[in-house]
Amino acid sequence: MRHIALALAVVLAGGCITSSYQPSRYYTLTPVVHVEMREQGAASLGVRPIEPAQPYKKRQMVYRERAYALGFEPHDEWAEAPSDFVTRELLDAIAATGRFQDVGYAHDMAAPDFIITGQLRKFDQVRSSDAWTASCEIRLALREGAEQTLVWSHVFSAQEPLSEKSPSAFAAAMSQALARIIEDAAGQIADIPTP
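If you're wondering where the values come from, they're calculated on a predicted model, not measured in any experiment.

Conventions used here
In this convention, every chain numbers its residues from 1, walking through the sequence in written order. In view of the model being predicted, local features appear only for residues whose pLDDT reaches at least 70, and side-chain atom pairs are presented and counted only at 80 or more, with totals across whole chains, interfaces and linings using the full set of residues. Each side-chain value is derived from all of the structure's non-hydrogen atoms; neither hydrogens nor water enter the calculation. Helix numbers and strand numbers start at the N terminus; a helix is a DSSP run of H or I with at least 4 residues, a strand a run of E with at least 2. Pairs of residues are marked as contacts when any of their non-hydrogen atoms sit within 4.5 Å. Each residue after the first adds 1.5 Å to the expected span of a helix. Relative accessibility under 20% of the residue-type maximum defines a buried residue, over 50% an exposed one, and the middle range a partly exposed one, all with a 1.4 Å probe and only protein chains included. Under the rule applied, a polar contact is a pair of N or O atoms within 3.5 Å (in protein, one hydrogen donor and one hydrogen acceptor; residues adjacent in sequence only if both atoms are side-chain atoms).

Engineer: I keep staring at the environment of Phe72 and nothing clicks. Help me out?
Structural biologist: As for its position among the elements, Phe72 is in strand S5 (residues 69-78). Taking C-alpha positions, Phe72 is 9.8 Å from Asp124, a pair spaced 52 residues apart along the chain. Those residues in contact with Phe72 that sit more than four places away from it in its chain are Pro55, Gln60, Met61, Val62 and Tyr63.

Engineer: What exactly am I supposed to notice about helix H2 (residues 82-97) here?
Structural biologist: In an α-helix, one full turn covers 3.6 residues, which means residues spaced three or four apart are oriented alike. Taking 1.5 Å per residue, 16 residues should reach 22 Å; H2 reaches 23 Å between its end C-alpha atoms and fits that length. Among the residues making up H2, those that are buried are Pro82, Ser83, Phe85, Val86, Thr87, Glu89, Leu90, Leu91, Ala93, Ile94 and Thr97. Just downstream of H2, Gly98 is the residue with a positive phi angle, here 75°.

Engineer: Even after reading the chapter, I still don't get unusual backbone geometry, so can you show me in this structure?
Structural biologist: What you tend to see is this: most non-glycine residues have negative phi, and most peptide bonds are trans. With a phi angle near 55°, Gln148 is a residue other than glycine that sits in the positive phi range. Of note, Gln148 is situated in the loop between strand S8 (132-144) and strand S9 (149-161).

Engineer: I would appreciate a short explanation of the side chain of Thr87 in the present structure.
Structural biologist: Within the secondary structure layout, Thr87 lies in helix H2. What makes Thr87 buried here is its relative accessible area of 3%. Separated by 2.8 Å, the side chain of Thr87 and the backbone nitrogen of Ile50 make a polar contact. Excluding its chain neighbours within four sequence positions, the residues that come into contact with Thr87 are Val47, Arg48, Pro49, Ile50 and Tyr105.

What follows is the structure in structure tokens.
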């Protein structure tokens, strides 16, 4: 009887060992952002972390197959939360313009003259019947002083076709779409008149 129980345990354990577990794959974004230098002003600028809309709080890649239906890739994830990456790239691009005396995370600054807030509204792989695209949409707002008076706001969006239907191609296309948005946003922010 012991031999039968032992054989049964080995068979059951063997079934567990050969399960269909599939590890997650992680993808990074590599936008190449070019900005023009501006004349430096005396103002400081704090950037608050970009708030992700609900579907983008996770790191899973999001896709749309129909206009109102979202899906999540079970095994394909971003290496970090998209909103964290977008915040850092925006901060670096604005700083690279040289327009502000100091640019940093708002929570690290005592009282910045201006604050950037924003929301990541779309970070999708759109799967249409013709071609797949990366679609990104970000709303940004510039506020001034302790009263946080609205000075400027804009919704940026960009789409970029995928070279093939794969997660790697999605990451490459999203990198290009994001680079266009970051360049445009940094340029517009740097051109806003400040003291």
